[in-house]
Amino acid sequence: MGEAILQMKGISKFFGDMAANDNVNFSLEKGTVHGLLGENGAGKTTLMNVLFGLLKPDGGTIFIEGNPVTIHSPAQAMELGIGMVHQHFMLVPTMTVTENVMLGLHLPKFPLLNPSLVKQRINELSQQFALDVDPDALISQLSVGQQQRVEIITALYHETTILILDEPTAVLTPDEAKELFVILRTLKAHGTSVVLISHKLEEIIAIADEVTVLRNGELVGFTKIDKEVTRKEDLSAMMVGREVSFDFKKQKGTSMHEVLSVRELCVNNERGVQALDHMTFTVRRGEILAIAGVDGNGQKELCEVLTGLRQPGSGAITLNGNDITQASPKQINELNVAYVPEDRQKSGLIMDWDISKNLVLKNFRKKPFTKGLFLSKKEMDEAAEQAVEAFKIKTDQVSTLVKNLSGGNQQKVILARELATDPDLLIVSHPTRGLDIGAMEYVRSILIAKRNAGVGVLLVSADLEEIFQTADRILVIYNGRVMGIVNPDVGIQKVGQMMAGITTGEAHA
Amino acid sequence: MRNLVIKQARLGIQNLLPSLISVLLACVVTTFILLLGGYSPVAAFTNLFAGAFGNPYRLSETFVKAIPIAVIALGTSVAFRAQLWNIGGNSQYTVGAIVAVAVNIYLDLPPLLLFLLSFLAALLAGLLFGSLLGLMKAKLNANEVITTLMFDYIVAFLLSWLVYGPMMDPEGGGFPQTALIPDAVMFHKLLAGTRLHTGLFVALVLVILLYLFWKTPQGLTINMVGHSKSVAKASGINVSKTIVFTMALSAAFAALAGWIDALGIHGRLQDNLPGTLGSVAIVVALLGRLHPIGIAFSAIFFSALMVGGNTMQRFAGIPFSLVTIIQGLVIIFVICGSVFEIAHSRKQGGSHDA
Ligand SMILES: Nc1ncnc2c1ncn2[C@@H]1O[C@H](COP(=O)(O)OP(=O)(O)OP(=O)(O)O)[C@@H](O)[C@H]1O
Ligand SMILES: [Mg+2]
């Protein structure tokens, strides 16, 4: 250690007159894992995009092994030994691993690559770093964790010495995250340096050697991590500038009034395979029912059926006494159901529209956003100003296109829209994925506040910490079946076991 | 708030710029082609310009031609905004014209009534025709490029059959055309000695109406479906219904263009009435960036090319096909421009993590 493989000095990047990076210094030592922390919109992705040649900095210099370099393109970054895994995978599902790696290499068209050589290299890397990827598998057959490893292979393909991972664990299950960390340790042992962006502080403490913290585009802290000494609170205080607490005040006593009742629900997914298998449960007024489960056990299909986006095979769904088994999304909307979808870019937001319009996607036809025949831009903008304020969406104006917001801030736009109204039923799917710790606290406190106000909340989450902080009852889903509905006092371990499909009899609440 | 206003104004120019550049590039390339062919570019362009705007008559002709192009393009833009590729402007125009002429030559009513009735009939025919196309798309998932294209042939043959058969003017000496619409129903001429007629105002009203329409919730809905069907659906929008409505509206504009031309210049049906209007309208809609005002201007531009091209051929001896070349080049540059823009926005936003 001790020798810096990468130094970024005085990096600045402006979007309009807003500084996404303001004179940032960043130094990465050989063979270390370096955590890059900061609130949503702090400028982490921007800094790494500069390093990877995706953005041109407005100021500053990059040194690699002491030599100043200018990086114009990802291809050039890769030549310099830099690889990057973006949070949103850029894989083509209908193509094989090998083909995707070839696509991801940003190589010029000529000379043509030889697929068998690429395959060989994939196998080589796969073995060297215990990545366990089959070069001939189709992407669509792979789990999210495996897909990520394909991205990692692409990033490592050239003699990569610096690997950038932008929020890699946001989409992983806890087990997959553990596997990723094993891979990272192997990489470290081989002398590769890793930049790890994450909002999960316990992970950072577990794996990182050093951290750099950004706030509002500026460098606000650097520290070495000592697993024994460093506390989560220290890091979050550095990031947010205050202590963050997850002590929520829940009012006692949920009512017995059922908002949502699901009986014997069976649903097939698009491949015709059964995704939900005779699910039965209810959500009451003023409670948070958490659906705990490893991703891909039917949660997505459940949310889609409940919001009218998918046709159920059999079973019945009632909402406040109305049969909504066959209802359209529009009808369900009108029955006061709010929904925060899992995939914000595909089903939650119109990326090419501004914040104002995205905030009224569901109610722009209503007053005050439509006055007489016409839409009122003024009303939309005013409402948007308030939402930006309330949810601390980081932007300088409400006419910013959503695609130009940072990931966490995009998520906040959806939350602001769906939580603005007073729904009877609130369905939220991974609401704090990608959010910084301050925003996470805020969102969870809102979920509790809604619950206290009598809203029935259905919370789908893979984050057990989130579930145990907020839920009144926990439904564990496994293979589309209800493994059991339990009270939080059965403990994390028990729920974790149930999520893995292990039954131990009893367990009912 | 000041910030917002500036941003909007800037957006306006940003939107205009690609179209202007496309036109400019097309002219530059044309200059080279002219030089290669041994023609004088100066003569060509001055003649082209003079031919389109040089005297009141030519100017009026430019506007006469611009009317149907603009109105069909308005319709095209409606569909394009919803990512529905309605390329059947010709057939929808023809349907409007057939209905308009039929009402006028077969019904024996006072002129004012005929005028209004033929308007309503053309509008209704357009809406129904468009709904049919929309239903095929929404319910049967039939590709609208194919259906609208096929209907261009079907309607063109229908028109032929009508003017050679059932609707042929019995006193017309066997010419393949219908009887004339009564003079009293026709649009008045705006300038003596020219063909410019009051239908121009109808076209202007349509431009304004569409401009206003984009500010209504229904207009936003169409845009939303164009941007993302899945988001629209999740937001409680009936996507199928929106598709049908969009196609109906789109075809209605083209049908009204047929009505305006029938009552403004043709006065009767003839074989091959629409010519190349439909395809020109597509380019005009794209060059106008699907914006009503932009479309009005680019319609005038294209119409000027066509009118001026004739003069150029006659006086400078430069073949009219040059106009076709300019048109083609504009199309190419408009398309390149949008591809470039998409690539550019990918680079800006797409690679942006989360
Ligand atoms: N292409 C762009 N155009 C305009 N503004 C941008 C663009 N890309 C990023 N920004 C802005 O720059 C700031 C920093 O964004 P960045 O994506 O780097 O944040 P981040 O730290 O990665 O946040 P998150 O944790 O939410 O992913 C944000 O306020 C964002 O809105
Ligand atoms: Mg980011």
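Coordinates for the structure precede this section.
All values reported here derive from a predicted model rather than from experimental measurement.

Colleague: Kindly report on the sheet that holds strand E14 (residues 314-319) of chain A, identifying the contributing residues and their values.
Modeller: Residue and element names in this part refer to chain A. Sheet architecture is open: four strands sit in the order E12-E11-E14-E15, paired in antiparallel fashion. Only two strands of the sheet have a single neighbouring strand rather than two, namely strand E12 (274-284) and strand E15 (322-323). By the bridge criterion, five bridges tie strand E11 (residues 258-268) to E14 in an arrangement that is antiparallel. Paired with Val262 across the bridge in E14 is Ile317. Seen against the sheet, helix H9 (residues 299-306) touches E11, E12 and E14 and runs at an angle of roughly 120 degrees to E11.

Colleague: Describe H9 of chain A, naming the residues involved and giving the relevant values.
Modeller: Residue and element names in this part refer to chain A. Across the eight residues that make up H9, a large majority, seven, are buried. Along H9, the residues that are buried comprise Gln299, Glu301, Leu302, Cys303, Glu304, Val305 and Leu306. Residue Gly308 follows H9 closely and has a positive phi angle near 85 degrees.

Colleague: Tell me about the pairing of strand E8 (residues 193-197) of chain A, residues and numbers included.
Modeller: Residue and element names in this part refer to chain A. Counting buried positions along E8 yields five of five residues, so the element is predominantly enclosed. Of the two faces of E8, the one carrying Ser193, Val195 and Ile197 and the one carrying Val194 and Leu196 are both buried. Crossover handedness for the path strand E7 (residues 162-166) to helix H6 (residues 174-189) to E8: right-handed.

Colleague: For the pattern of salt bridges, give the residues involved together with the corresponding values.
Modeller: Residues and elements named next belong to chain A. A full pass over the atoms with the stated rule returns 26 salt bridges over all chains. Ionic pairing is found between Lys362 and Glu418, a salt bridge with its closest N-O pair at 3.0 Å. Here Lys362 is found in the loop between helix H12 (355-359) and strand E17 (370-371), whereas its partner Glu418 is found in helix H14 (residues 407-420), with 56 residues between them in sequence. Each of the salt bridges in this network shares a partner with another, and the network as a whole consists of Arg121, Glu124 and Glu159.

Colleague: If you had to explain a nonpolar patch on the surface to someone new, which residues and values would you point to?
Modeller: Together, Leu373 and Phe374 of chain A together with Val205, Ile208, Leu209, Tyr211, Leu212, Ile293 and Phe297 of chain B make up a nonpolar patch on the protein surface, roughly 840 Å² of accessible area in all. Among the elements of the structure, helix H7 (199-213) and helix H12 (292-316) of chain B are those that each provide at least two residues to the nonpolar patch. When residues in the nonpolar patch are grouped by element, the largest group, five residues, is from H7 of chain B. Within the secondary structure layout, Ile208 of chain B lies in helix H7.

Colleague: Let's hear about the sheet that holds E7 of chain A: which residues, and what values?
Modeller: All names here are of chain A. If you walk across this open sheet you meet the six strands as E6-E7-E8-E3-E9-E10, and the pairing is mixed. Of all the strands in the sheet, just strand E6 (82-85) and strand E10 (218-224) have a single pairing partner and so form its edges. The mean inter-strand angle of the sheet, taken between neighbouring strand axes irrespective of direction, is 20 degrees. Sheet contacts for helix H1 (residues 44-51): strand E3 (33-38), E6, E7, E8 and strand E9 (210-215); angle to E3, the most-contacted strand, approximately 135 degrees.

Calculation rules
- Residues numbered from 1 in each chain as written.
- Chains lettered and ligands numbered in written order.
- Predicted model: local features only at pLDDT ≥ 70, side-chain atom pairs only at ≥ 80, totals over all residues.
- Heavy atoms only, no water.
- Pairing = 2+ DSSP bridges.
- Helix = DSSP H or I, 4+ residues; strand = E, 2+ residues; numbered from the N terminus.
- Contact = heavy atoms within 4.5 Å.
- Axes fitted to C-alpha atoms, helices over the stretch in contact; angles between N-to-C directions.
- Buried < 20%, exposed > 50% of the residue type's maximum accessible area, 1.4 Å probe, protein only.
- Right-handed = clockwise from strand over helix to strand, strands pointing away.
- Salt bridge = Lys/Arg side-chain N within 4 Å of Asp/Glu carboxyl O.
- Patch = residues over 30% accessible without salt bridge, like charges linked within 9 Å, V, L, I, M, F, W, Y side chains within 5 Å.
- Areas by Shrake-Rupley, 256 points an atom, 1.4 Å probe, with all protein chains shown as cover.

Everything listed here is a matter of coordinates, which is why it stays silent on function.
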